[in-house]
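Below, each chain spelled out in residue letters.
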Amino acid sequence: MKIAVIGAGAMGTLFGGRLAQAGNDVTMVDVNPSVIDAISSRGIILEDEEGEHHIPAASCRGEELNEPQDLAILFTKTMYSRSALKSAKGFIGSSTTVLTLQNGLGNIELVEEFVEPSQILAGVTNYASDVTGPGAIRTQGAGFVRLYSADGTMRPSVTAVHQALKDAGFAAEIYPDVLVAIWEKAAFNAAINSTCALAHVPCGGIGKVAEGRELAFQIARETAAVAQASGVDASAERVIESLKFSFVHHKDHYPSMAQDVMKKRRTEIDSINGEIVRRGEAKGISVPYTKAVYALMKVVEASFA
């Protein structure tokens with residue numbers, strides 16, 4: 001399968017590396033010259049429990065790839081999705097499947113600006129990955145991928161992408177209730193990413209004290225309430241169980257938002273906590289904990305300038 005992975009960050013490099021390792025023709029699409037040069041010259045470096053793997057892969061800017069791909073996986077931060085998809089016109093054709101596994105809410109609607117709804121697959125993943133250098137990542141621990149067509153129709157592209165991910169070693173699942181999975185992942189991220197970012201601690205740091213745990217749990221409950229009001233049967237209890245798991249099994253992991261704050265980079269707070277606040281207000285649902293954390297993160301981001 002010809003696959004373009006758009007965004008060679010921690011998650012994009014993990015998925016691109018595994019898919020290339022499984023024999024797919026993978027091109028990592030990015031805008032960072034150091035990342036493009038590193039992957040082009042020596043491939044992807046992927047470190048896991050079995051050691052360090054050097055995986056050949058191509059890499060370029062989006063405008064430079066002009067061969068239609070079978071699959072394009074969007075792994076940019078949400079605020080960069082529109083510009084990334086504009087640059088992808090040369091390799092996303094009418095028969096290209098576009099998969100978004102991005103954090104936050106609103107990703108499907110954004111991709112629909114560029115391709116037909118029948119071409120879009122959406123889903124979530126909870127694999128953990130950390131960048132160790134340009135085109136290099138470290139991953140550890142188990143995870144899952146849940147995906148389905150964005151319009152709710154079972155079609156061959158769902159099966160094909162599911163099989164490609166399984167062949168690459170991912171615990172992939174065809175998941176018809178994908179909107180539930182997306183909302184529950186948004187609730188999880190709103191609860192753990194932003195709190196870790198504000199406190200400058202890994203996941204275990206939030207779980208270490210009762211106040212941190214309760215703050216995360218309240219954000220999860222608020223998000224689930226907004227989802228329910230939006231017609232999506234998301235479960236706060238499932239999210240809370242995932243948070244408890246993360247406090248223990250990912251205790252040393254700094255979520256991407258925390259890493260961004262430490263490096264004084266713009267975060268995905270608007271598409272996660274911010275989007276929950278906006279949708280809650282539209283539905284008349286009060287989300288005070290989510291709103292407070294969102295406000296504090298906007299203050300932090302403003303300080304970067």
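Summarised in this report is the structure supplied together with it. Note that the structure is predicted; figures quoted are calculated from it, not measured.

What about the overall build of the chain?
Okay, step 1: A tally of regular secondary structure across the chain gives 12 helices and 12 strands.
Okay, step 2: Its C-alpha atoms give the chain a radius of gyration of 18 Å, near enough to 19 Å, the size a compact globule of 305 residues would have.
Okay, step 3: The 305 residues of the chain split such that 54% are buried.
Okay, step 4: Approximately 13100 Å² of the chain is accessible, and the part contributed by carbon and sulfur atoms is 53%.
Okay, step 5: Across the chain, the mean location of the 28 positive side-chain charges is 5 Å away from that of the 35 negative side-chain charges.

Concerning the pairing of strand 8 (residues 120-125)
Okay, step 1: Counting buried residues along strand 8, 6 of its 6 residues qualify, which places the element largely inside the surrounding structure.
Okay, step 2: Burial of strand 8 is two-sided: the residues Ile 120, Ala 122 and Val 124 facing one way and the residues Leu 121, Gly 123 and Thr 125 facing the other way are all buried.
Okay, step 3: Sheet topology note: the strand 7 (residues 97-100)/strand 8 ladder contains 3 bridges and is parallel. Across the sheet, Val 98 pairs through a bridge with Ile 120, a residue of strand 8.
Okay, step 4: In this sheet, strand 11 (residues 145-149) lies alongside strand 8 in antiparallel orientation, the contact comprising 5 bridges. Its bridge partner being in strand 11, Val 124 is matched across the sheet by Arg 146.

Describing the side chain of His 53
Okay, step 1: Note on placement: His 53 falls in strand 4 (residues 51-55).
Okay, step 2: Note on His 53: relative accessible area 18%, which makes it buried.
Okay, step 3: There is a polar contact of 3.0 Å between the side chain of His 53 and the side chain of Asp 48.
Okay, step 4: Beyond its immediate chain neighbours, meaning those up to four positions away, His 53 contacts Gln 21, Ile 44, Ile 45, Leu 46 and Asp 48.

What about helix 11 (residues 270-283)?
Okay, step 1: Residues Ser 271, Ile 272, Asn 273, Gly 274, Glu 275, Ile 276, Val 277 and Gly 280 constitute the buried set of helix 11.
Okay, step 2: Looking at the buried residues of helix 11, the elements they touch are helix 6 (178-199), helix 8 (210-229), helix 10 (256-262) and helix 12 (288-303).
Okay, step 3: In the stretch just after helix 11, Gly 284 is the one whose phi turns positive, near 75 degrees.

Considerations on the packing of helix 6 against helix 11
A pair of packed helices can be characterised by two numbers: the angle between their axes and the separation between those axes.
Okay, step 1: For the pair helix 6 and helix 11, interaxial distance at closest approach is 9 Å and the crossing angle is 120 degrees. Here helix 11 runs oblique to helix 6, going by the angle between their axes. In terms of crossing hand, the pair formed by helix 6 and helix 11 is left-handed. Contact with helix 6, carried on its side by Trp 183, Ala 186, Asn 189, Ala 190 and Ser 194, involves Ile 272, Asn 273, Ile 276 and Arg 279 of helix 11 and no other residues of that element.
Okay, step 2: Its residues assigned to classes, the contact of helix 6 with helix 11 shows 5 nonpolar, 3 polar and 1 charged.

Reading the values: the criteria
- Residues numbered from 1 in each chain as written.
- Predicted model: local features only at pLDDT ≥ 70, side-chain atom pairs only at ≥ 80, totals over all residues.
- Heavy atoms only, no water.
- Helix = DSSP H or I, 4+ residues; strand = E, 2+ residues; numbered from the N terminus.
- Rg over C-alpha atoms; globule rule 2.2 N^0.38 Å.
- Buried < 20%, exposed > 50% of the residue type's maximum accessible area, 1.4 Å probe, protein only.
- Areas by Shrake-Rupley, 256 points an atom, 1.4 Å probe, with all protein chains shown as cover.
- Lys, Arg positive; Asp, Glu negative; His and termini not counted.
- Charge placed at Lys NZ, Arg CZ, Asp CG, Glu CD.
- Pairing = 2+ DSSP bridges.
- Polar contact = N/O pair within 3.5 Å; in protein donor to acceptor, adjacent residues only side chain to side chain.
- Contact = heavy atoms within 4.5 Å.
- Axes fitted to C-alpha atoms, helices over the stretch in contact; angles between N-to-C directions.
- Parallel < 35°, antiparallel > 145°, perpendicular 65-115°, else oblique.
- Left-handed = near helix turned anticlockwise from the far one by under 90°.
- Nonpolar A, V, L, I, M, F, W, Y, C, P; charged D, E, K, R; others polar.

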